[in-house]
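# Descriptive structure summary
In case you want the letters, here they are:
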There are 2 protein chains.
Amino acid sequence: MTASNADIAKIVTSLTAAARRAALAMLSATTAEKNAALEEIAREIEASADFLKAENTKDLDAARASGVAAPLVERLRLTDKAVAEMVKGVRDIARLADPVSRIDREWTTEAGLRIRKVRQPIGVLLVIYESRPNVTVDSAALCLKTGNAVILRGGSEAIRSNMALADVIARALQRTKLDPAAVQVVRTPDRAVVGELLKRTGEIDVVVPRGGKELIHRVVTESHIPVVKHYEGICHVYIDDECDPALAERIAVNSKAQRPAVCNAMETLILNKSLPDKTLRSILGAMTKAGVALKGDDEARRRFPDIEPADEGSWRTEYLALICNVRMVDNVDDAIEHINRYGSRHTDAIVTTNESRARRFSEKVDSAAVMVNCSTRLHDGAQFGMGAEIGISTDKLHARGPMGLEELTIYKYVVEGAGQLRQ
Amino acid sequence: MTASNADIAKIVTSLTAAARRAALAMLSATTAEKNAALEEIAREIEASADFLKAENTKDLDAARASGVAAPLVERLRLTDKAVAEMVKGVRDIARLADPVSRIDREWTTEAGLRIRKVRQPIGVLLVIYESRPNVTVDSAALCLKTGNAVILRGGSEAIRSNMALADVIARALQRTKLDPAAVQVVRTPDRAVVGELLKRTGEIDVVVPRGGKELIHRVVTESHIPVVKHYEGICHVYIDDECDPALAERIAVNSKAQRPAVCNAMETLILNKSLPDKTLRSILGAMTKAGVALKGDDEARRRFPDIEPADEGSWRTEYLALICNVRMVDNVDDAIEHINRYGSRHTDAIVTTNESRARRFSEKVDSAAVMVNCSTRLHDGAQFGMGAEIGISTDKLHARGPMGLEELTIYKYVVEGAGQLRQ
């Protein structure tokens, strides 16, 4: 049975009204109160492991029954290890520094106004995702720590697991000083609920879509609410002719093959034409040995006829698999041009010993992270030492790159005067 | 003649392609080059004053011919004073510190990655406005200073003036090292151009709408591109029973009457019920004397029967005129609740000598700026000492409050390693 439009509107209003109420109450929550709530959640997940696994099994059965491929079914599975990792993740977030109430800047104007720019929760977040159930817990914990209220909408394939996690989190929050409505999971399966949520500008402050291109496209197209996108990563590694060949080889292989299915994995290897054939052969050989299928431009294929041809579409493809384009260029400027033209402004690396070329590349490549002599795979909140992240933003507003605790906050100005007026 | 959809798409692609090219080139522009370009613009405006005024006269004639009211026609007029102010504005922006390339934070991770968070231009901005022609110059200068490329779309009522300013700016930029396409004014009057521009996610990074509610509503509804809204200001002043009555009176009058037609003017005065009648009479008398018409709740009208009644809609109205609601409350918490319920999260003030109430108000009022014992009218980039601003954001992403030079930038991460890989 599908809910009517009026029902959907009512469901959404009830979600957003409760979230806004919780968000306002959270403005006065202390760090200790928030951390205590996270510890309650961690404990409740531990205590509910059997319940969570039982509900998860219903999702797995439904997925198998509807013909979902076995590896995808496995991705959904809540193993004991996955449960333990969720619990550890929540406790790790409790240990991170709280950005809320931090004073970013403080100054006094000529007129004697004392101005403080104070970090604040954003308010009400909507997280829409289609990944594994651990995202439910991660997102809830990150939002609670930053004093936000969150409305979570997971994929239908994990609906039982997500609702079970929602129950567990709600039970935990009942025992704390926080409003349990700070974490709400949408329980209505209708897709229309998402459309209605995305219209609620003023009630929801930010939408964070996490998932495939189609999901993100839908959210960007329908949303009237600000969106922070965690979009595709068409990442590049450029290997300059002035470089340490062994280091270049290791970085290329690690960037592509260490975990090909993620957004900061390399999709195109850009090689300087002046690199000796021996070096090129060694780099490409290492890639092939790591199981990577190569697609090259004309010059690459002239020199290495075994390589399959790349076409215009190849340069714009996020393979997320052991496939890699090979592009040959004359110099660093051509590499920069290729990246700014075909890349997705996510993560791009240069391997060079030439400092001025490294500087030029860092300055001119218009991406969230530019890596000099290290793997693209290191562009990540934890690797950067920022702690957990809700994703890696490819937008150029608010958050660029890892979206961690600080990026889940905004600021307000508190201005103290002594009767100052506008002249 | 209306352009066809295909024509519109072609026009828009030509604008965005040129803007993106200019934005990439601007990534290497130095502060000196940008300031020199601003000086060229200032000089060219000075030299072209007669041309600008002549073109402006055509807008004024057209406005009068189409029956636009005289005061609105006057707002459009480019007087000698208005031209001189534009020139001064551009030179002021040239003198401000350049946020681009500033290192916000720099650290080394355990793995030895040296990470710098470096301020960068956002890229391509689209500014849609319906105000006076000076916005064309202000926006162009702010965007140039921050290394952004901008596409400007002004209102039809100022189209001749805006095109003349575009010509002047283009002439000036021809003499500089910057790509003249860094500032483009949309010359096609069709409204469909805006719709098409708003779909160009990936080509335009941010849209800044400046204008009335209708314009902003349209942009928010249609845009697939991130929007920073400069929306309405339903601002409040709460006068606590513990306060200096003379100071309260001055702040109330200044907040409402100093310039009622702007977003940081007060729309509702909230009075503590325990204030003595004499104080209330004095405050409300001063408002009336300043020409303000009052609308009150039941309690206000019980004590001051002359006041017109306010209704539920009054609390949500941005009058932008010499009209003010009067609300009576029991205490600071009721004031906070009223503000968070009916306000627009723009600017809200408290007048009190009670420090703990001031702190409570600052913490719990969920607005871009909270003013303690000073006028709401001081919430402004220049008054804050931040220099010029493109507007005051009521959003809670990226920029909240004055959107000045820093808020027109974003950051990138530059990560230097020595062969680090992901384990």
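In the block above lies the structure referred to throughout.
This write-up is about the structure you can find in this document. Model, not experiment: these values are computed from the prediction. (Residues numbered from 1 in each chain as written. Chains lettered and ligands numbered in written order. Predicted model: local features only at pLDDT ≥ 70, side-chain atom pairs only at ≥ 80, totals over all residues. Heavy atoms only, no water.)

When helices and strands are tallied, chain A shows 14 helices and 16 strands. A compact globule built from 423 residues would reach a C-alpha radius of gyration of about 22 Å, and chain A, at 24 Å, matches this within 12%. With the principal axes as the frame, chain A shows a C-alpha extent of 70 × 65 × 40 Å. Out of the 423 residues belonging to chain A, those deemed buried represent 59%. Put simply, 72% of the contacts in chain A that link residues at least 6 apart link residues at least 24 apart. If you sum the accessible surface of chain A, you get close to 16,500 Å²; carbon and sulfur atoms cover 49% of it. On chain A, the mean spot of the 59 positive side-chain charges and the mean spot of the 59 negative ones are 3 Å from each other. (Helix = DSSP H or I, 4+ residues; strand = E, 2+ residues; numbered from the N terminus. Rg over C-alpha atoms; globule rule 2.2 N^0.38 Å. Buried < 20%, exposed > 50% of the residue type's maximum accessible area, 1.4 Å probe, protein only. Contact = heavy atoms within 4.5 Å. Areas by Shrake-Rupley, 256 points an atom, 1.4 Å probe, with all protein chains shown as cover. Lys, Arg positive; Asp, Glu negative; His and termini not counted. Charge placed at Lys NZ, Arg CZ, Asp CG, Glu CD.)

Position of A:N340 among the secondary structure elements: in helix 13 (residues 332–342). Of note is the side chain of A:N340, whose polar atom sits 3.0 Å from the backbone nitrogen of A:D366. Once you skip the residues sitting within four places of it in the chain, A:N340 turns out to touch A:K364, A:V365, A:D366, B:R20 and B:L24. (Polar contact = N/O pair within 3.5 Å; in protein donor to acceptor, adjacent residues only side chain to side chain.)

All right, on to the pattern of salt bridges then. All names here are of chain A. If you walk through the whole model with that rule in mind, you get 88 salt bridges over all chains. Note that D104 and R119 form a salt bridge whose closest N and O atoms lie 2.9 Å from each other. Here the residue D104 occupies a position in strand 1 (residues 103–108), and R119 occupies one in strand 2 (residues 114–121), the gap between them amounting to 15 residues. For D104, a relative accessible area of 30% puts it in the partly exposed group. (Salt bridge = Lys/Arg side-chain N within 4 Å of Asp/Glu carboxyl O.)

Let us look at the side chain of B:N56. All names here are of chain B. Within the fold, N56 resides in helix 3 (residues 49–65). Exposure remark for N56: the relative accessible area of 2% places this residue in the buried category. At a separation of 2.8 Å, a polar atom in the side chain of N56 contacts the main-chain amide nitrogen of L78. Of note is the side chain of N56, whose polar atom sits 3.0 Å from the side chain of S161. Excluding its chain neighbours within four sequence positions, the residues that come into contact with N56 are L76, R77, L78, P133 and S161.

Time to look at the relation of the copies chain A and chain B. In the superposition of chain A on chain B (RMSD 0.1 Å, axial shift 0.0 Å), the rotation amounts to 180 degrees. In symmetry terms, the pair is related by a two-fold rotation axis. Of every C-alpha in chain A, the one belonging to A:H398 sits nearest the axis of rotation, 1.9 Å from it. (Least-squares fit on C-alpha atoms with pLDDT ≥ 70 in both.)

Because each turn of an α-helix spans 3.6 residues, side chains separated by three or four positions in sequence point in the same direction. Residue and element names in this part refer to chain A. Taking 1.5 Å per residue, 13 residues should reach 18 Å; helix 11 (residues 277–289) reaches 18 Å between its end C-alpha atoms and fits that length. Turning to helix 11, its buried residues are T279, L280, I283, L284, A286 and M287. On an axial view of helix 11, the arc spanned by its buried residues comes to 150 degrees, and they lie on one face. For helix 11, exposure combined with an orientation more than 90 degrees from the buried face picks out K278, R281 and K289. Check the buried side of helix 11 and you find it contacts strand 7 (235–239), helix 10 (245–257), strand 8 (266–272), strand 9 (293–296), helix 12 (298–303) and strand 11 (323–329). Downstream of helix 11 by a residue or two, G291 has a phi angle that is positive, lying close to 90 degrees. (Expected span 1.5 Å × (residues − 1). Arc of directions from axis to C-beta.)

All right, on to the packing of helix 2 (residues 31–47) of chain A against helix 6 (residues 134–145) of chain A then. How two helices sit against one another is set out by the angle between their axes and by the gap between those axes. Residues and elements named next belong to chain A. Where helix 2 meets helix 6, the axes come as close as 9 Å, and the angle between the chain directions of the two elements is 160 degrees. The angle between helix 2 and helix 6 places the two elements in the roughly antiparallel class. Here helix 2 and helix 6 pass one another in a crossing that is right-handed. Each of K34, N35, L38, I41 and I45 in helix 2 lies in contact with helix 6, whose residues at this interface are V137, A141, L144 and K145. Of the residues belonging to the contact of helix 2 with helix 6, the class tally is six nonpolar, one polar and two charged. (Axes fitted to C-alpha atoms, helices over the stretch in contact; angles between N-to-C directions. Parallel < 35°, antiparallel > 145°, perpendicular 65-115°, else oblique. Left-handed = near helix turned anticlockwise from the far one by under 90°. Nonpolar A, V, L, I, M, F, W, Y, C, P; charged D, E, K, R; others polar.)

All names here are of chain A. The four strands are arranged 5-4-3-6 in an open sheet whose pairing can be described as parallel. A single partner strand is all that each edge strand has here, and the edge strands are strand 5 (183–185) and strand 6 (206–210). The mean inter-strand angle of the sheet, taken between neighbouring strand axes irrespective of direction, is 20 degrees. By the bridge criterion, five bridges tie strand 3 (residues 124–129) to strand 4 (residues 149–153) in an arrangement that is parallel. Residue pairing in the sheet places I128 in a bridge with R153 of strand 4. Packing against the sheet, helix 1 (residues 5–26) makes contact with strand 3, strand 4 and strand 5, and its axis sits at approximately 150 degrees to strand 4. (Pairing = 2+ DSSP bridges.)

Formed by 224 residues in total, the largest nonpolar core has its most connected members in A:I239, A:L269, A:L271, B:I239, B:L269 and B:L271. Sequence-distant contacts of B:L269, defined by excluding residues within four places in its chain, comprise B:V237, B:I239, B:A252, B:I283, B:L284, B:C324, B:N325, B:V326 and B:R327. (Core = buried A, V, L, I, M, F, W, Y, C linked by side-chain atoms within 4.5 Å.)

Attention shifts here to the interface of chain A and chain B. Listed as interface residues are 74 residues of chain A and, on the opposing side, 75 residues of chain B. Counting the surface chain A buries against chain B, the share from its top three residues, A:L397, A:Y413 and A:R422, is 13%. Counting the contacts that link chain A with chain B gives eight salt bridges. Of the charged contacts, one joins B:D380 and A:R422 as a salt bridge, the two residues approaching to 3.8 Å between their closest N and O atoms. For the pair chain A and chain B, the number of links is 41 residue pairs in polar contact (both at pLDDT 80 or more). Listing elements by their share of the side of chain A that touches chain B, those giving two or more residues are helix 1, strand 2, helix 9 (213–222), helix 10, helix 14 (355–364), strand 13 (369–374) and strand 16 (409–420) of chain A. Per-element tally for the side of chain A that touches chain B: the top contributor is strand 16 of chain A, with eleven residues. In terms of residue class, the side of chain A that touches chain B is built from 32 nonpolar, 23 polar and 19 charged. (Buried area = accessible area lost by both parts, 1.4 Å probe.)

Let us look at the packing of aromatic side chains. The full count for this structure, using the stated rule, is eight aromatic pairs over all chains. Ring centres 5.5 Å apart and planes at 70 degrees place the aromatic pair A:Y411 and A:Y413 in the edge-to-face group. Here B:Y238 and B:F361 contribute two aromatic rings whose centre-to-centre distance is 6.4 Å and whose plane-to-plane angle is 20 degrees, an arrangement assigned as stacked. Here the residue B:Y238 occupies a position in strand 7 (residues 235–239), and B:F361 occupies one in helix 14 (residues 355–364), the gap between them amounting to 123 residues. Exposure remark for B:Y238: the relative accessible area of 0% places this residue in the buried category. The exposure class assigned to B:F361 is buried, which follows from its relative accessible area of 0%. Among the aromatic residues, those joined into a cluster by ring pairs are A:W107, A:Y411, A:Y413 and B:F384. (Phe/Tyr/Trp six-rings, centres within 6.5 Å; stacked < 30°, edge-to-face > 60°.)

Moving on: the sheet that holds strand 7 of chain A. Think of a sheet as strands paired side by side through backbone hydrogen bonds, with each pair either parallel or antiparallel. Pairing is mixed in the open sheet, where ten strands are placed in the order 10(A)-9(A)-11(A)-8(A)-7(A)-12(A)-13(A)-16(B)-2(B)-1(B). The open sheet has two edge strands with one neighbour each: strand 10 (308–309) of chain A together with strand 1 (103–108) of chain B. In terms of strand pairing, strand 1 of chain B meets strand 2 (residues 114–121) of chain B through five bridges, oriented antiparallel. Looking across to strand 2 of chain B, one finds that B:I103 is bridged to B:V118. Packing against the sheet, helix 11 of chain A makes contact with strand 7, strand 8, strand 9 and strand 11 of chain A, and its axis sits at approximately 165 degrees to strand 8 of chain A.

On to the pairing of strand 8 (residues 266–272) of chain B. Residues and elements named next belong to chain B. In terms of burial, strand 8 is a largely internal element, seven of the seven residues being buried. Relative to strand 8, strand 7 is paired through five bridges, and the arrangement is parallel. Along strand 8, the bridge assignment pairs I239 with L271. Traced from strand 7 through helix 10 (residues 245–257) to strand 8, the parallel crossover comes out right-handed. Pairing geometry for strand 8 and strand 11 (residues 323–329), over five bridges, is parallel. Following the sheet pairing, N272 is matched in strand 11 by V329. (Right-handed = clockwise from strand over helix to strand, strands pointing away.)

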